[in-house]
Amino acid sequence: MPSFDPSAKKMLLSGNEAISLSMLHCNVQIATGYPGTPSSEILETYSEIGGYAQWAPNEKVAAEVALGAAFGHARSVVTMKHVGLNVASDVLYTATYSGVQGSMVWIVADDPGQASSQNEQDTRNHAKAAVCPMFEPSNSQEAYDMVRLAFQTSERFGIPVILRMTTRVDHSKSIVQVSDEKLEALKPHFVRDIASRVMVPGYSKPAAKRLRAKMEEMAAWNSAEGPNRMEMRSTDLGIITSGISYHHVREAAPEASVLKIGMSYPLPVNLIREFAAKVGRLVVIEENDPWLFEGISALGIKVEGKYDPIYRFGELDVNRVRRILAKDQSPEPVPVKGRPPALCQGCPHRESFAVLNELNCIVSGDIGCYTLAALPPLSAMDMMIDMGAAIGMGLGLRHVLPREEAKRVVSVIGDSTFIHSGITGLVEMGYNRPSTGHVVIILDNSITAMTGQQEHPGTGRKLDHSPAYKVNYGEIAKAAGIENVFEVNPVKEYDKMKALVKEALEKDELTLIIAKSPCILALKSILAWDKANREKAGDQK
Amino acid sequence: MSTMNVKFAGLGGTGVVKASDVFAELVFELGYDVKKAEVHGMSQRGGSVASDVRYGEKVESPMIPDGEAQFLVVFAEDQIPVNEAALKVGGTLLSPKDIDVSKLPSEKALNVAMLGKLSTFFDFPLEKWEKILQKLFAPKFHEGNSIAFKIGREG
Ligand SMILES: Cc1ncc(C[n+]2csc(CCOP(=O)(O)OP(=O)(O)O)c2C)c(N)n1
Ligand code: SF4
């Protein structure tokens, strides 16, 4: 059930809901992605309100599917969180060369302040490096409007477009007025054009030149007609800003003139020059990296950025903007720490990590709910860097550590994370076998729990919970040359799990243990989805 | 009017976000400009959760600046120190101590009871509150919610 009525004209919506609604009004033919806070609700909501959406195994595959659809003259969307773009960046950096014939919008969600991410990277750097036009909404209405504008821009210039979101814009609610301007559905078809889509050097060199020419054209368009706004008030202070920072600025400095940038790549250079010439003190207010600051400084314009490096970290808010403008160097008030999250009571991950603690393992870990096992009281994970890394890092340790230590190394990875990027690690394990062997444990709780219970190719259900082919982890492992494969329930068969891991550690062989027990929080839903699917299958017989 | 700021806070799984949704939807339907902010994420796993609702003629930032909340509604006493900085000098703090928790039909209904308490500080029509509660909760909760809302108002 969607949390809002998609037929209403005016609603209170989160940024993510506004995006989904706009996608429906833009007749997006295919929307795909991989979950990641704060982006996950976009596809879920799109599906609930009647759009077609699917989860991919990871962001790279999702981006390729969406790109292929755009090559077929369709309108496509791919969603991900900021770190997902690292995985999919290989697609982006050359898709800007090829361009698209339908249209393609990349919805990428940054997480300044790291509400739930392993780093605080800034997607604007990717946009610039990949030469991809980028829009930055400040609220739900703009998110709604900019989805449409992003498609129009993608279609007009024949290029993929990034809609850069941040946690606050994704998850804050504000009022959205639905537009009467809807985009007609495109008619997918294929037109052969080898030179623009086969990016061998002979074709990609001229494509690179075409791309730069497109950017010149777009920069001029952005200055003249882009979604930017010059708000002239007192000319003593002029502030250039974008995204959520715009609203903090308006509240912190209501008298200041503001240049609000809605399309930040390519920069609206002429507009920035015009604004700079009109005001006295010129300040950039932005979250994350000093990205606008550096871009504007490079134009030879004298502008102040975040003078103090502390503002490079964390989100901005009204008080922080006041401090930046006042050049206040006093220490910031330290917020009182709330209660940290912990593994749920009854979470099956607890038992798996208790086993590893009992056996004194060195644990190469990964990302998911189970990363919480790194914190006290369990303190049972030794490293976590990026999705899928558990297997590779564990193998690296096995290759170099003295035998006694190497024998204690175990790689632990969630089921969704294994599908995302653990499979290639398993192939590496079969190919470059450490002399001490290795042990991988897949924590199969039958859901992508961390990001709010999304389906994946190992659950046997699609995004909308209808039935799908279910990947068999054990068969993948066997095909990759892993000789020992076991499945065990860590909750109901704790002792067996412990014995299996102990035995595997003693052998110089390759072992995969599938620790299978459902996420307690998702169990009720999983049972209901499976029941509904069985009933439907029964009806069809 | 100047912007009104109401902060809801508690632990994950206790209906903080739902309560703020009800209040935000209410003031939206009453015709105000509204913004609501919270950080989702790991909250399901029992961590601290807070949600800001701001309304007025025109609201800019969705986040309540420290020291500017007219109301702080907490669902667990131990969340007071974590959120106190938001409260304006002379602002109103509401906690489960302000209602008769023992009378609640279920622990789950605490969030609606706290909304009942909050409702006594505003002259919004009670039918409006009732209507929004029905809109945002599944029918099986309606009866328990009405009782909890009244208990909150009486507390
Ligand atoms: C490249 C990338 N994409 C997405 C995410 C967001 N993310 C973090 S963990 C996770 C999946 C966790 O699922 P699973 O491995 O099944 O573990 P569980 O949470 O169910 O225990 C996702 C999608 C990320 N951190 N990095
Ligand atoms: S949501 Fe599921 S996987 Fe995550 S901590 Fe709770 S029970 Fe464990």
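Residues numbered from 1 in each chain as written. Chains lettered and ligands numbered in written order. Predicted model: local features only at pLDDT ≥ 70, side-chain atom pairs only at ≥ 80, totals over all residues. Heavy atoms only, no water.

What about the overall build of chain A?
Inference 1: Within chain A, the secondary structure is distributed over 20 helices and 18 strands.
Inference 2: Against the globule reference of 24 Å for 541 residues, chain A gives a C-alpha radius of gyration of 25 Å, in line with a compact fold.
Inference 3: Taken along its principal axes, the extent of the C-alpha atoms in chain A is 75 × 60 × 50 Å.
Inference 4: Residue burial in chain A is summarised as follows: out of 541 residues, 58% are buried.
Inference 5: Excluding contacts between residues fewer than 6 apart, the proportion of contacts in chain A whose partners are at least 24 apart in sequence is 73%.
Inference 6: Taken together, the 58 basic and 63 acidic charged side chains of chain A have centroids lying 2 Å from each other. (Helix = DSSP H or I, 4+ residues; strand = E, 2+ residues; numbered from the N terminus. Rg over C-alpha atoms; globule rule 2.2 N^0.38 Å. Buried < 20%, exposed > 50% of the residue type's maximum accessible area, 1.4 Å probe, protein only. Contact = heavy atoms within 4.5 Å. Lys, Arg positive; Asp, Glu negative; His and termini not counted. Charge placed at Lys NZ, Arg CZ, Asp CG, Glu CD.)

As for the overall build of chain B
Inference 1: Regarding its fold elements, chain B presents five helices and five strands.
Inference 2: Helices and strands in chain B line up, N terminus first, as β-α-β-β-β-α-β-α-α-α.
Inference 3: At 14 Å, chain B has a C-alpha radius of gyration in line with the 15 Å of a compact globule built from 155 residues.
Inference 4: Taken over the C-alpha atoms alone, chain B extends approximately 35 × 35 × 30 Å along its principal axes.
Inference 5: Split into buried and exposed, the 155 residues of chain B put 55% on the buried side.
Inference 6: Of the contacts formed within chain B by residues at least 6 apart in sequence, a portion of 62% connects residues at least 24 apart.
Inference 7: Of the roughly 6,500 Å² of accessible surface on chain B, 54% is carried by carbon and sulfur atoms.
Inference 8: Considering chain B, the positive charge centre built from 18 side chains and the negative charge centre built from 21 side chains are found 3 Å apart. (Areas by Shrake-Rupley, 256 points an atom, 1.4 Å probe, with all protein chains shown as cover.)

Focus on the pairing of strand β10 (residues 234–242) of chain A
Residues and elements named next belong to chain A.
Inference 1: Bridge count for β10 against strand β11 (residues 256–261) is six bridges, and the pairing is parallel. In the sheet register, serine 234 faces β11, and the bridge partner there is alanine 256.
Inference 2: With helix α10 (residues 245–252) bridging β10 and its parallel neighbour β11, the resulting β-α-β unit is right-handed.
Inference 3: The sheet contact formed by β10 and strand β13 (residues 281–285) spans five bridges and is parallel. When the bridges of β13 are listed, leucine 237 appears paired with arginine 281. (Pairing = 2+ DSSP bridges. Right-handed = clockwise from strand over helix to strand, strands pointing away.)

Observations concerning the packing of helix α1 (residues 16–29) of chain B against helix α3 (residues 110–119) of chain B
Residues and elements named next belong to chain B.
Inference 1: For the pair α1 and α3, the least separation of the axes is 9 Å and the interaxial angle reads 40°. Between α1 and α3, the crossing angle belongs to the class labelled oblique. In the crossing of α1 with α3, the sense of the turn from one axis to the other is right-handed. Contacts from Lys18, Ala19, Val22 and Phe23 in α1 reach Asn111, Leu115 and Leu118 in α3. (Axes fitted to C-alpha atoms, helices over the stretch in contact; angles between N-to-C directions. Parallel < 35°, antiparallel > 145°, perpendicular 65-115°, else oblique. Left-handed = near helix turned anticlockwise from the far one by under 90°.)

Quick notes on the site of ligand 1
Residue and element names in this part refer to chain A.
Inference 1: Residues in close proximity to ligand 1 total 26 residues, the closest being Glu59, His349, Cys369, Asp415 and Thr417.
Inference 2: A distance of 2.5 Å is found between an oxygen atom of ligand 1 and a side-chain nitrogen or oxygen belonging to threonine 417.
Inference 3: Between ligand 1 and isoleucine 447, the relevant distance is 3.2 Å, taken from an oxygen atom to a main-chain nitrogen or oxygen of the residue.
Inference 4: Within the complex, the protein chains bury 98% of what would otherwise be the 590 Å² of accessible surface of ligand 1.
Inference 5: If you list the elements that add at least two residues to the shell around ligand 1, you get α4 (82–98) and α17 (415–431).
Inference 6: The leading source of residues in the shell around ligand 1 is α17, at four residues.
Inference 7: In terms of residue class, the shell around ligand 1 is made up of 11 nonpolar, 12 polar and three charged.
Inference 8: Built from parts of two domains, the shell around ligand 1 gets at least three residues from each of domain 1 (10–225) and domain 3 (349–540). (Near = heavy atom within 4 Å. Polar contact = N/O pair within 3.5 Å; in protein donor to acceptor, adjacent residues only side chain to side chain. Nonpolar A, V, L, I, M, F, W, Y, C, P; charged D, E, K, R; others polar. Domains from an automatic or database assignment.)

Structural notes on the interface of chain B and chain A
By a widespread convention, an interface's size corresponds to the accessible area lost as its parts come together.
Inference 1: Chain B puts 32 residues into the contact, and the matching count from chain A is 39 residues.
Inference 2: Of the roughly 3,000 Å² buried between chain B and chain A on both sides combined, carbon and sulfur atoms contribute 60%.
Inference 3: Between A:Glu251 and B:Arg54 there is a salt bridge, with the nearest N and O atoms lying 2.8 Å from each other.
Inference 4: Counting residues per element, the side of chain B that touches chain A draws most heavily on strand β2 (residues 33–38) of chain B, which supplies six residues.
Inference 5: Looking at the side of chain B that touches chain A, its residues break down into 13 nonpolar, seven polar and 12 charged. (Buried area = accessible area lost by both parts, 1.4 Å probe. Salt bridge = Lys/Arg side-chain N within 4 Å of Asp/Glu carboxyl O.)

Some points on unusual backbone geometry
All names here are of chain A.
Inference 1: The amide bond that connects threonine 37 to the next residue, proline 38, takes the cis arrangement and shows omega of 10°.
Inference 2: Mapped onto the elements of the fold, proline 38 is located in the loop between β2 (30–33) and α2 (41–48).
Inference 3: Here proline 376 and proline 377 are connected by a cis peptide whose omega angle stands at 5°.
Inference 4: Note on placement: proline 377 falls in the loop between β14 (362–364) and α15 (389–400).
Inference 5: We note that glutamine 114 has phi near 50°; this positive angle belongs to a residue other than glycine.
Inference 6: Looking at where glutamine 114 falls in the secondary structure, it is placed in the loop between β5 (103–110) and α5 (123–130).

Some points on the domain arrangement of chain A
Residues and elements named next belong to chain A.
Inference 1: Per the domain assignment, the segments of chain A are domain 1 (10–225), domain 2 (229–325) and domain 3 (349–540).
Inference 2: Computed from C-alpha coordinates alone, the two centres of domain 1 and domain 3 are separated by 32 Å.
Inference 3: Opposite the 16 residues of domain 1 that make contact, domain 3 presents 17 residues.
Inference 4: Note on domain 1 versus domain 3: buried area summed over both sides is about 1,200 Å², and carbon and sulfur give 61% of it.
Inference 5: Counting the contacts that link domain 1 with domain 3 gives four residue pairs in polar contact (both at pLDDT 80 or more).
Inference 6: When residues of the side of domain 1 that touches domain 3 are traced back to their parent elements, those giving at least two are α2 and β3 (53–55).
Inference 7: Of the residues in the side of domain 1 that touches domain 3, the class split is seven nonpolar, seven polar and two charged.

Here we look at the site of ligand 2
Inference 1: Around ligand 2 sit A:Leu343, A:Cys344, A:Cys347, A:His349, A:Cys369, A:Asn445, A:Ala449, A:Cys519, A:Ile520, A:Leu521 and B:Arg45, and that is every residue in its neighbourhood.
Inference 2: The environment of ligand 2 is shared, with nearby residues belonging to chains A and B.
Inference 3: For the shell around ligand 2, the residue count by class is eight nonpolar, two polar and one charged.

A look at the side chain of A:Lys260
Residue and element names in this part refer to chain A.
Inference 1: On the secondary structure map, lysine 260 appears in strand β11.
Inference 2: We classify lysine 260 as buried; its relative accessible area is 2%.
Inference 3: In terms of polar contacts, lysine 260 uses its side chain to reach the side chain of serine 138, at 3.0 Å.
Inference 4: The residues contacting lysine 260, other than those within four sequence positions of it, are Ser138, Glu142, Pro227, Asn228, Arg229, Thr241 and Tyr246.

Considering the pattern of salt bridges
Residues and elements named next belong to chain A.
Inference 1: Scanning the entire structure with this criterion turns up 44 salt bridges over all chains.
Inference 2: The partner of glutamate 286 in a salt bridge is arginine 124, with the nearest N and O atoms 3.0 Å apart. Taken as a pair, glutamate 286 in the loop between β13 and α12 (291–297) and arginine 124 in helix α5 lie far apart in primary sequence, 162 residues in all.
Inference 3: Of the residues examined, glutamate 286 reaches a relative accessible area of 2% and is grouped as buried.
Inference 4: A salt bridge links glutamate 304 to arginine 281, with the shortest nitrogen-to-oxygen separation between them at 2.9 Å. Highlighted residues: glutamate 304 in the loop between α12 and α13 (318–325) and arginine 281 in strand β13, separated in sequence by 23 residues.
Inference 5: Through salt bridges that share partners, Asp110, Asp122, Arg124, Glu136, Arg164 and Glu286 make up one connected network.

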